[in-house]
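Residue strings, one per chain:
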Amino acid sequence: MKKSIIIFFTALGVFLHAQNIKTKRGIINLDGIPVAKISNKSNEYTFMDLKETPMYTVKFIDKSIVDSVRDSYIQINRVYNRDKTIEVDYSSPSAFSGEEKSAVYTSVKDFKIIDNKGINVKTLDELFSNVPKRKLDTKTKDAYTIRKRLTK
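The shown structure was predicted, so the numbers you read here are calculated from the model rather than taken from an experiment.

Draft legend 1. Molecular detail of helix H3 (residues 121–129). Looking at H3, one finds that the buried residues are Thr123, Leu124, Leu127 and Phe128. Along the long axis of H3, the arc covered by the buried residues comes to 140 degrees, so they all point the same way. Exposed and facing more than 90 degrees away from the buried side of H3 are Lys122 and Ser129. Sitting at the amino-terminal end of H3 is Asn120, which places a side-chain oxygen 3.2 Å from the backbone nitrogen of Lys122.

Draft legend 2. Inspection of the nonpolar core at higher detail. Ile28, Phe47, Tyr56, Val58, Ile76, Ile114 and Ile119 are the most contacted members of the largest nonpolar core, which has 26 residues in total. Among the elements of the structure, strand E2 (27–30), strand E3 (33–41), strand E4 (44–48), strand E5 (54–66), strand E6 (69–78), strand E7 (85–88), helix H2 (99–110) and H3 are those that each provide at least two residues to this core. Considering every element that reaches this core, the biggest residue donor is E5, with four residues.

Draft legend 3. Structural detail: H2. Those residues of H2 that fall on the buried side of the exposure criterion are Ser102, Ala103, Val104, Thr106, Ser107 and Val108. The positive-phi residue at the C-terminal boundary of H2 is Lys112, with phi of around 55 degrees.

Draft legend 4. Representation of the side chain of Ser107 in the model. Within the secondary structure layout, Ser107 lies in helix H2. A polar atom in the side chain of Ser107 sits 2.8 Å from the side chain of Tyr56. Those residues within four positions of Ser107 in sequence are excluded, and the remaining contacts are Phe47, Tyr56, Lys112, Ile113 and Ile114.

Draft legend 5. Molecular detail of the pattern of salt bridges. Evaluation of the coordinates by the stated rule reveals two salt bridges. As a salt-bridge pair, Lys37 and Glu52 come within 3.0 Å of each other at their nearest N and O atoms. With Lys37 in strand E3 and Glu52 in the loop between E4 and E5, this residue pair connects regions lying 15 residues apart in the sequence. A salt bridge links Asp125 to Arg78, with the nearest nitrogen and oxygen atoms 3.1 Å apart. In this pair, Asp125 sits in helix H3 while Arg78 sits in strand E6, placing the two residues 47 residues apart along the sequence.

Draft legend 6. How the structure looks around the pairing of E3. In this structure, E2 lies alongside E3, joined through four bridges in antiparallel fashion. Pairing of Ile27 across the sheet is with Lys37, part of E3. Between the end of E2 and the start of E3, which pair antiparallel, lie two residues, with Asp31 showing a positive phi angle near 55 degrees. Relative to E4, E3 is paired through five bridges, and the arrangement is antiparallel. Residue pairing across strands places Lys37 opposite Met48, the latter belonging to E4. A loop of two residues connects E3 with E4, the two strands running antiparallel in sequence, and Ser42 in this loop sits at a positive phi of about 45 degrees.

Draft legend 7. Region of interest: the packing of aromatic side chains. By the definition in use, this model includes three aromatic pairs. Measuring from ring centre to ring centre gives 6.0 Å for Tyr45 and Phe60, while their planes differ by 85 degrees; the resulting arrangement is edge-to-face. With a gap of 15 residues between them, Tyr45 in strand E4 and Phe60 in strand E5 connect regions that are remote in the sequence. When its relative accessible area of 6% is taken as the criterion, Tyr45 is described as buried. Ring geometry for Phe60 versus Tyr90: centroids 5.0 Å apart, planes at 80 degrees, classification edge-to-face. In this pair, Phe60 sits in strand E5 while Tyr90 sits in the loop between E7 and H2, placing the two residues 30 residues apart along the sequence. Residue class for Phe60 comes out buried when judged on its relative accessible area of 8%. Exposure remark for Tyr90: the relative accessible area of 31% places this residue in the partly exposed category. Three or more aromatic residues joined by ring pairs make a cluster, and in this case those are Tyr45, Phe60 and Tyr90.

What counts and how
Residues numbered from 1 in each chain as written. Predicted model: local features only at pLDDT ≥ 70, side-chain atom pairs only at ≥ 80, totals over all residues. Heavy atoms only, no water. Buried < 20%, exposed > 50% of the residue type's maximum accessible area, 1.4 Å probe, protein only. Helix = DSSP H or I, 4+ residues; strand = E, 2+ residues; numbered from the N terminus. Arc of directions from axis to C-beta. Polar contact = N/O pair within 3.5 Å; in protein donor to acceptor, adjacent residues only side chain to side chain. Core = buried A, V, L, I, M, F, W, Y, C linked by side-chain atoms within 4.5 Å. Contact = heavy atoms within 4.5 Å. Salt bridge = Lys/Arg side-chain N within 4 Å of Asp/Glu carboxyl O. Pairing = 2+ DSSP bridges. Phe/Tyr/Trp six-rings, centres within 6.5 Å; stacked < 30°, edge-to-face > 60°.

Fair warning: the whole summary comes from geometry, so function is off the table for now.
Here it is as structure tokens:
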């Protein structure tokens, strides 16, 4: 009985193995395989394929709405179509991770733009055609309505 439980949990651990994301010297590795590159220029991160062809940029925005309420999000912009930018929420792997790590984590985990084959342009185009709605908490929504009233 104990052997079967050990084998079951070992097999379960193998199937539920999390994807290992590493960024070192501007190269994004998924499970040890290089899939894309990233460069930083004044708070704007450019994601490139392995041949260093720029695909899209991520810019972090942190602005004050009213006195004590701040809103943080990212702007994603395709390099080959600069006309349209989208504003979406981002996620961080930990509370102490920097912007670069958050940009890579959001691209891989949340939007699945980067997979084990590299940057998926089809997924990127789908993201721009079906823009996800931002999830604002009530405090931020109230701050936006107050600011809207003040500007009128």
